[in-house]
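Now for the letters of each chain:
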Amino acid sequence: MMYEQFKSRAEGVSAEVHRFERKDTALNFMIEFLMKEGLADTPQTAALCAECGFLDERDRDVLKKLSGLKFDVTCEAASKARFGISQMDWALADTGSLAQNSSAIEQRLVSSLPTIHIALVPTSGILPDMPALLSRVHPKECAYLAMITGPSRTADIERVLTIGVHGPERLVIIFVDEFGGGN
Amino acid sequence: MGTEFKESIHKAINNANLTGALAKFSEAYKVNRAKAYEGIDFEELRGRIADLKSYAASHLDELSDQFQQNAEACGATVFRATDPEKVREYILKVAQDNNVKTVVKSKSMATEEIHLNQYLEKAGIQVGETDLGEWIIQLAGQTPSHMVLPAIHMTKEDVAELFSKEVNERLTTDIPRLVKIAREKLRPKFLAADMGISGGNIAVAETGSIVLMTNEGNARLVTSLPKIHIALVGIEKLIEKYADVTTILKALPRSATAQLLTSYVSIITGPTPNPDGTIKNLHIILMDNRRSEMAADPKFKQALQCIRCASCLNVCPIFRLVGGHVFGKVYTGGIGTILTAWFDELKKSEDIQGLCIQCGACKDVCPGKIDIPDLIMEIRRRLVQEQGVPLLQKAIYAVVNNRKLFHGMLRAASIAGKPFTTGTFIRHLPLFLADLTDGRSLPAIAAEPFRDRFAKIKQPKGKEKVVFYAGCLIDFAYPEMGEAVVKVLNKAGIEVLFPEEQTCCGAPARYSGAYEVAETNAIDNIKALLSVDATYVISACPTCTVALAHEFISTFESVGQTGWLPKARELAAKTIDFSVLVKKLVDEGRLTLKEGQKLGKVTYHDSCHLKRTLKVSEQPRELLQRAGYEVTEMFECDTCCGMGGSYSLKLPEISAPILQRKLRNIKETGAPVVAMDCPGCVMQIRGGMDQDGAAIKVRHSVELLAEQLDI
Ligand code: SF4
């Protein structure tokens, strides 16, 4: 239920939403997506992956084999990357938003500078709404709480909705059930 | 009003791009806003916002202390300042101490308020706005015309022109391409900047956090990339509890841009690492600039409940005609008028407060539950108090209160043919009967006012008695409406009383800020209307009803007249609007309308005071339906007709296009009759239809109903 609500709200603001039962199928989907979108080891086509809690050594080894995908997040690399990959810890069903403790700068760099942000989200992280989020995340433990709802947008020129101003122009959300789904 | 001000209005109204863009936007906004609030109890939500913001406004010092303590415990530096000059100096000092050459900014009204950019630039620091709209106006060397959409007054052609210069390339008006250009041009600025400056949508005392919302993602970059971040926050942004952030975030994006949530929300609590591994140098400035004074003012404290959503601009029928620049350089629209009067100075609001037509549309949508029109009235009152009522006006009010003389003069002028075009005295009559304006003919003044006709009406003696309050318009211009009221009530077995001592309700004086005159009117009317024993005091003019039911009390409160307050309350409790009473009588079976009538289509115009102050909109429609009319709704049925009492005299250039819009909406329904419950609206709309030549009858509901009484 909550997933369905999330999906329709997030798609309503132009996010792309996918869901997989298992982590390996989710990663395969992501790899295919990257290839299709032209991942390569040249500027403006590279991918940059920030620390993702649920990617283990094996997963990383698989990803490391992809030419153009790097784990070493710097400002410079992020500003040149086409893809930024990060794990977002929570999703808010009623607004279609993702949320993360973004205190680590790397998390913000990969989700704000590249053109496409790929967000990996545990399905179990879906919460009904923002009150549920704020009751779980206290500022004491989280210096930078970030919420992301769809890609970057503006309506500043003649009020015409245009996607991709300063942040990503695409937000690809990949849910993985394996870490406890059931929503 | 100054000529310069009049000229700026003239210029704005004749700017077809501007008015076209604003009209389209305001229409879309209403629909989208309603959609965004679907399933949400707006009244409940804004009640909570008003409570928590009002609590904060009464505890500004405590919350500032608490905020400072908690933010500093997390490693931020907090600077508190009352004076804008101190704020500017502080920011410059931080910049100079850290050898800052370039600054990137995300949108912040507080920095506009203190004209920070100019100041820093004078000191040789480059300041770059990064919000697309702000960047556009920065390039154009202009000021924002809207709190949320700063460049709403500019066209894509304007933007293409500006950007072409910036990139030295001839650009077309392809909007996605223009946006791309902005991304490409601003990206290196973000990466190179030494300092980021932001505002803050919310500041949480309990945790020392600031909340930033953007759609473009610029605030994330401004707060992440440069090594120094300064957040300038007005202390009205303080709230006590962290959990309350959700309450404000539920309303702010919905009201501001009809979104469920802005694309990016950041809750920042203390410094975080920079890209190079060092820790952010985070400064939070809590700025007062007269906000504490405002909090100490019993009337204006309310204004601190504002969450800066700008919906009061978006629904304002005046704003959509003139845009933001007419209002000034920083804060615009209704709330902008109030903020300018305080943050700048009262005098600065002298002209712009006159733009408010008191239609109440903003009050209905304000998520901070601020009575914006009432605060603007208070500004008007204080201005008049400072400057005094002009002698001419005083003389006029004296005449208004002498009913016989007043009628005689009006009548004489009316008969004189082209009535009120000459002679200042008559031109300033507050009865709004003066000055023929374009697009509206005036009513003939009745040979015999209602007060004289009333004596001739033969009424059956009824057990129940009701006092009729006529008001100026029904008494002198539309006595037939008063006769219809009597006819309808008599039919229900009610005897109507008309105490002759009743006088003008004082609205014209009050709306001009002349509260002492309004006070005298109120006392005279209370004496007259309570002099006889009756169940109700009924009025068929919503402006008068509002005066009797609400404004006598608030006028007394404003001028410190406590002696008459109990009587004013007694009168208020007895006062009832015509349609409410008649609906009640019909429901109780005391009044029956003819059965099975097929009277065809009618469209209904909601008068501002009736719908928004008295909250009456269903009763007149139901009555018309019962009578046999088919009610066809017009577009924007509850948008002001542009009358606004003497507004149509003071600002005819604004009143006229509002009326034209109303006429168009009425005509588009195809109904041969338009009904309404306010004689003022009848005067405005009937006059407009007359000039327009359309064969549409403009009637007060009471006239239509009186024709359909069961015999
Ligand atoms: S006064 Fe109310 S409607 Fe206007 S900006 Fe403030 S919160 Fe929004």
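Residues numbered from 1 in each chain as written. Chains lettered and ligands numbered in written order. Predicted model: local features only at pLDDT ≥ 70, side-chain atom pairs only at ≥ 80, totals over all residues. Heavy atoms only, no water.

### What about the overall build of chain A?
Part 1: Summing up its helical and strand segments, chain A has six helices and 12 strands in all.
Part 2: Here the C-alpha radius of gyration of chain A, 16 Å, is about what a compact globule of 183 residues would show, namely 16 Å.
Part 3: A principal-axis box enclosing the C-alpha atoms of chain A has dimensions of 45 × 40 × 35 Å.
Part 4: Counting across all 183 residues of chain A, residues that qualify as buried make up 60%.
Part 5: Partitioning the intrachain contacts of chain A with sequence separation of at least 6 by distance along the chain shows that 76% fall at a separation of at least 24. (Helix = DSSP H or I, 4+ residues; strand = E, 2+ residues; numbered from the N terminus. Rg over C-alpha atoms; globule rule 2.2 N^0.38 Å. Buried < 20%, exposed > 50% of the residue type's maximum accessible area, 1.4 Å probe, protein only. Contact = heavy atoms within 4.5 Å.)

### Examining empty space enclosed by the protein
Residue and element names in this part refer to chain B.
Part 1: Scanning the entire structure with this criterion turns up seven cavities of 30 Å³ or more.
Part 2: In terms of lining residues, the largest cavity is bounded by 21 residues, among which Cys-316, Gly-334, Cys-356, Ile-357 and Cys-362 are the most central.
Part 3: For the lining of the largest cavity, the elements supplying multiple residues, two or more each, are helix 16 (333–344), helix 17 (361–365) and helix 18 (372–387).
Part 4: For the lining of the largest cavity, the residue count by class is 15 nonpolar, six polar and no charged.
Part 5: There is about 70 Å³ of room inside the second largest cavity.
Part 6: As for the second largest cavity, its lining consists of 13 residues, and the residues nearest its centre are Cys-306, Arg-308, Cys-309, Cys-312 and Cys-366. (1 Å grid on protein atoms, 1.4 Å probe; cavity = no way out; pocket = protein on both sides within 12 Å on 5 of 7 lines; lining within 4 Å. Points joined across faces, edges and corners; volume = space filled by probe spheres on them. Nonpolar A, V, L, I, M, F, W, Y, C, P; charged D, E, K, R; others polar.)

### Observations concerning the sheet that holds strand 1 (residues 16–20) of chain A
Residue and element names in this part refer to chain A.
Part 1: The parallel open sheet is built from six strands, whose spatial order is 1-12-7-4-2-3. Pairing within the sheet leaves two strands with one partner each, and these edge strands are strand 1 and strand 3 (69–70).
Part 2: Here strand 4 (residues 83–87) pairs with strand 7 (residues 116–122) via five bridges, running parallel. In the strand pairing of strand 7, Ser-86 is matched with Ala-119. (Pairing = 2+ DSSP bridges.)

### What about unusual backbone geometry?
Residue and element names in this part refer to chain B.
Part 1: One non-glycine residue, Gln-358, lies in the positive phi region at around 65°.
Part 2: Within the secondary structure, Gln-358 is located in the loop between helix 16 and helix 17.
Part 3: Even without a glycine there, the phi angle at Lys-615 is positive, about 55°.
Part 4: Locating Lys-615 in the fold gives a position in the loop between helix 30 (608–613) and helix 31 (618–627).
Part 5: Of the residues examined, Lys-615 reaches a relative accessible area of 56% and is grouped as exposed.

### So, the side chain of Ser-64 of chain B
All names here are of chain B.
Part 1: Relative to the assigned elements, Ser-64 resides in helix 4 (residues 60–73).
Part 2: At a separation of 2.7 Å, a polar atom in the side chain of Ser-64 contacts the main-chain carbonyl oxygen of Leu-60.
Part 3: Apart from the residues lying within four places of it in its own chain, the contact partners of Ser-64 are Arg-80, Ile-235, Leu-238 and Leu-286. (Polar contact = N/O pair within 3.5 Å; in protein donor to acceptor, adjacent residues only side chain to side chain.)

### Examining the domain arrangement of chain B
Residue and element names in this part refer to chain B.
Part 1: Domain annotation for chain B reports domain 1 (6–154 + 194–291), domain 2 (410–586) and domain 3 (592–706).
Part 2: Between the C-alpha centres of domain 1 and domain 3 the distance comes to 42 Å.
Part 3: Contacts between the two partners involve six residues from domain 1, matched on the other side by nine residues from domain 3.
Part 4: Taken over both partners, the interface formed by domain 1 and domain 3 buries close to 580 Å², and the fraction arising from carbon and sulfur atoms is 53%.
Part 5: On the domain 1 side of the contact with domain 3, Lys-6, Ile-13 and Glu-27 bury the most area, a combined 59% of that side's loss.
Part 6: Put simply, domain 1 and domain 3 have three salt bridges between them.
Part 7: For Glu-653, the salt bridge identified is with Lys-6, shortest N-O distance 3.3 Å.
Part 8: Between the two partners, domain 1 and domain 3, sit two residue pairs in polar contact (both at pLDDT 80 or more). (Domains from an automatic or database assignment. Buried area = accessible area lost by both parts, 1.4 Å probe. Salt bridge = Lys/Arg side-chain N within 4 Å of Asp/Glu carboxyl O.)

### Describing the packing of helix 1 (residues 3–13) of chain B against helix 33 (residues 652–668) of chain B
Residues and elements named next belong to chain B.
Part 1: With their axes 10 Å apart at the nearest point, helix 1 and helix 33 run at an angle of 25° to one another. Viewed along their axes, helix 1 and helix 33 adopt a mutual orientation that is roughly parallel. For the pair helix 1 and helix 33, contact is made by Lys-6, Ile-9 and Ile-13 and by Pro-652, Glu-653 and Ile-654, respectively.
Part 2: Looking at the contact of helix 1 with helix 33 residue by residue, the classes come out as four nonpolar, no polar and two charged. (Axes fitted to C-alpha atoms, helices over the stretch in contact; angles between N-to-C directions. Parallel < 35°, antiparallel > 145°, perpendicular 65-115°, else oblique.)

### Some remarks on the pattern of salt bridges
Residue and element names in this part refer to chain B.
Part 1: Applying the stated criterion to the full structure yields 63 salt bridges over all chains.
Part 2: Residue Glu-27 pairs with Arg-661 through a salt bridge whose shortest N-O separation is 2.5 Å. Of the two residues, Glu-27 is situated in helix 2 (residues 16–36) and Arg-661 in helix 33; the sequence distance between them amounts to 634 residues.
Part 3: Classification of Glu-27 as partly exposed rests on a relative accessible area of 28%.
Part 4: Overall, Arg-661 belongs to the buried group, its relative accessible area being 14%.
Part 5: A salt bridge links Asp-371 to Lys-363; its shortest N-O distance comes to 3.5 Å.
Part 6: Residue Lys-363 is classed as partly exposed on the basis of its relative accessible area, which comes to 29%.
Part 7: Counted as one network, the salt bridges with shared partners bring together Glu-27, Lys-30, Arg-320, Glu-636 and Arg-661.

### Re the environment of Phe-6 of chain A
Residue and element names in this part refer to chain A.
Part 1: Residue position: Phe-6 is located in helix 1 (residues 2–12).
Part 2: On the accessibility criterion, Phe-6 (0% relative accessible area) is buried.
Part 3: In sequence terms Phe-6 and Ile-126 are 120 residues apart; their C-alpha atoms lie 8.1 Å from each other.
Part 4: Excluding residues within four positions of it along the chain, Phe-6 makes contact with Val-17, Ala-91, Leu-92, Ala-93, Gly-96, Ser-97, Leu-98, Ile-173 and Phe-175.

### Considering the interface of chain A and chain B
Part 1: Each side of the interface is counted separately: chain A has 48 residues, and chain B has 61 residues.
Part 2: Interface area, chain A with chain B, both sides summed: about 4400 Å², of which 61% is carbon and sulfur.
Part 3: Taken together, chain A and chain B are joined by two salt bridges.
Part 4: Counting every contact that joins chain A to chain B gives 27 residue pairs in polar contact (both at pLDDT 80 or more).
Part 5: Residues that form the side of chain A that touches chain B fall into these classes: 23 nonpolar, 17 polar and eight charged.
Part 6: Where strand 9 (residues 144–148) of chain A and strand 9 (residues 264–268) of chain B come together, five bridges link them in antiparallel fashion. Bridged to Leu-145 of chain A within strand 9 of chain B is Ile-267 of chain B.

### Considering the packing of helix 27 (residues 542–559) of chain B against helix 28 (residues 565–574) of chain B
Residue and element names in this part refer to chain B.
Part 1: Here helix 27 crosses helix 28 at 165°, and the two axes come no closer than 8 Å. Classed by the angle they form, the pair helix 27 and helix 28 counts as roughly antiparallel. In the crossing of helix 27 with helix 28, the sense of the turn from one axis to the other is left-handed. The segment helix 27 lies against helix 28, with Leu-548, Ala-549, Phe-552, Ile-553, Phe-556 and Glu-557 engaging Leu-565, Ala-568, Arg-569, Leu-571 and Ala-572. (Left-handed = near helix turned anticlockwise from the far one by under 90°.)

### Some details on the pairing of strand 15 (residues 600–604) of chain B
Part 1: Both strand 15 of chain B and strand 16 (residues 629–631) of chain B contribute to a ladder of three bridges, which runs parallel. When the sheet's bridge partners are listed, Val-602 of chain B is paired in strand 16 of chain B with Val-631 of chain B.

### Digging into helix 18 of chain B
All names here are of chain B.
Part 1: With 16 residues, helix 18 extends 23 Å from end C-alpha to end C-alpha; this agrees with the ideal 22 Å at 1.5 Å per step.
Part 2: Burial analysis of helix 18 places 12 of its 16 residues in the buried class, which makes it a mostly covered element.
Part 3: For helix 18, the set of buried residues is Ile-372, Pro-373, Asp-374, Leu-375, Ile-376, Met-377, Glu-378, Ile-379, Arg-380, Arg-381, Leu-383 and Val-384.
Part 4: Once helix 18 ends, the next one or two residues include Gly-388, with phi positive near 80°. (Expected span 1.5 Å × (residues − 1).)

### Some thoughts on the site of the ligand
Residues and elements named next belong to chain B.
Part 1: In the vicinity of the ligand there are 13 residues, among which Cys-306, Cys-309, Ala-310, Cys-312 and Cys-366 approach most closely.
Part 2: In this structure the site holding the ligand corresponds to the second largest cavity.
Part 3: Per-class residue counts for the shell around the ligand are 11 nonpolar, one polar and one charged. (Near = heavy atom within 4 Å. Sits in = over half its atoms within 2 Å of the grid points.)

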